[in-house]
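Survey of secondary and tertiary structure
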Amino acid sequence: MSNTPPPTRPAFAEALSAWQASLARQGLPAEITWVFSENLCFERDPAKPDAFRIGFQTAFTPPPRDAEQIAYEHFSDIDAPLVFYRLGSCRGKSICALLCDEWFRSKGVGDGFSQREEWRIAFRPGNAGDIEEVADKQRWEQRIIRDRPIHDLDFCMTLRAVHETLAHGRVLTSYERYALRFLHAWGRFLRHQE
């Protein structure tokens, strides 16, 4: 049995500062645009039939203010690695997401990750390339959501979870989501009966 205490994650501001410093040291933009699951756009790559390309958008599903801090605080309660993940650059900013899952426990330098074991946090700065911002709503609506290989970004927080945290102080269970839908439908039914 080990007497070493479990890693303690720092406050979001400290972790963010370390992430931005890591980006700057590598010559990558330290200014960040945060994205979440609903902002990602997986598409088939026309140049490579069996491959996918990733874009993003924030116009159709904009993240609320401080969404990245909500994601960080939610993930900090989970006993799994938390990852600051950079997808690429767009308009002079790093496009980043926060991820969390056991999937990342074995990821190391060879996979592009640098571990901060004392925080149980990993940084994945990616390459210096650009990522496309998808401005065509139809293209975003036709993005591939299923039937594609698993990707690191499958472990990012959803905007739905962020909005639930803002409204209810936590992410809801499936049962609670169902009950809310039922209550809203029941209310519409009663209003229609009047």
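Described in the following lines is the structure provided in the data block. Keep in mind that what you see is a predicted model, and the values were worked out from it rather than measured.

Thoughts on the overall build of the chain
Helix and strand content of the chain: five helices and seven strands. Mapped from its N terminus to its C terminus, the chain presents α and β elements in the order α-β-β-β-α-β-β-β-β-α-α-α. Across its three principal axes, the chain shows a C-alpha extent of roughly 65 × 50 × 30 Å. Buried residues in the chain amount to 40% of all 194 residues.

Quick notes on helix α2 (residues 67-76)
Turning to α2, its buried residues are Ala67, Glu68, Ile70, Ala71, Tyr72 and Phe75. Close packing links the buried residues of α2 with α1 (12-25), β1 (32-34), β4 (82-90), β5 (93-100), β7 (121-124) and α4 (159-168).

Brief notes about unusual backbone geometry
Notably, Asp66 is not glycine yet its phi reads approximately 65°, a positive angle. Turning to its location among the elements, Asp66 is positioned in the loop between β3 (48-56) and α2. Its relative accessible area of 36% is what places Asp66 among the partly exposed residues. With a phi close to 55°, Asp147 is a non-glycine residue in the positive phi region. Relative to the helices and strands, Asp147 resides in the loop between α3 (137-141) and α4. Residue classification places Asp147 among the exposed residues on the basis of a relative accessible area of 74%.

Description of the state of the cysteines
Going through the model one piece at a time under the given rule, you end up with zero disulfides. Cysteine Cys96 is unpaired, with the sulfur of Cys156 as its nearest cysteine sulfur at 12 Å. No disulfide involves Cys100; its sulfur sits 12 Å from the nearest other cysteine sulfur, which is in Cys156. Its relative accessible area of 9% is what places Cys100 among the buried residues.

Quick notes on the rules
Residues numbered from 1 in each chain as written. Predicted model: local features only at pLDDT ≥ 70, side-chain atom pairs only at ≥ 80, totals over all residues. Heavy atoms only, no water. Helix = DSSP H or I, 4+ residues; strand = E, 2+ residues; numbered from the N terminus. Buried < 20%, exposed > 50% of the residue type's maximum accessible area, 1.4 Å probe, protein only. Contact = heavy atoms within 4.5 Å. Disulfide = S-S within 2.5 Å.

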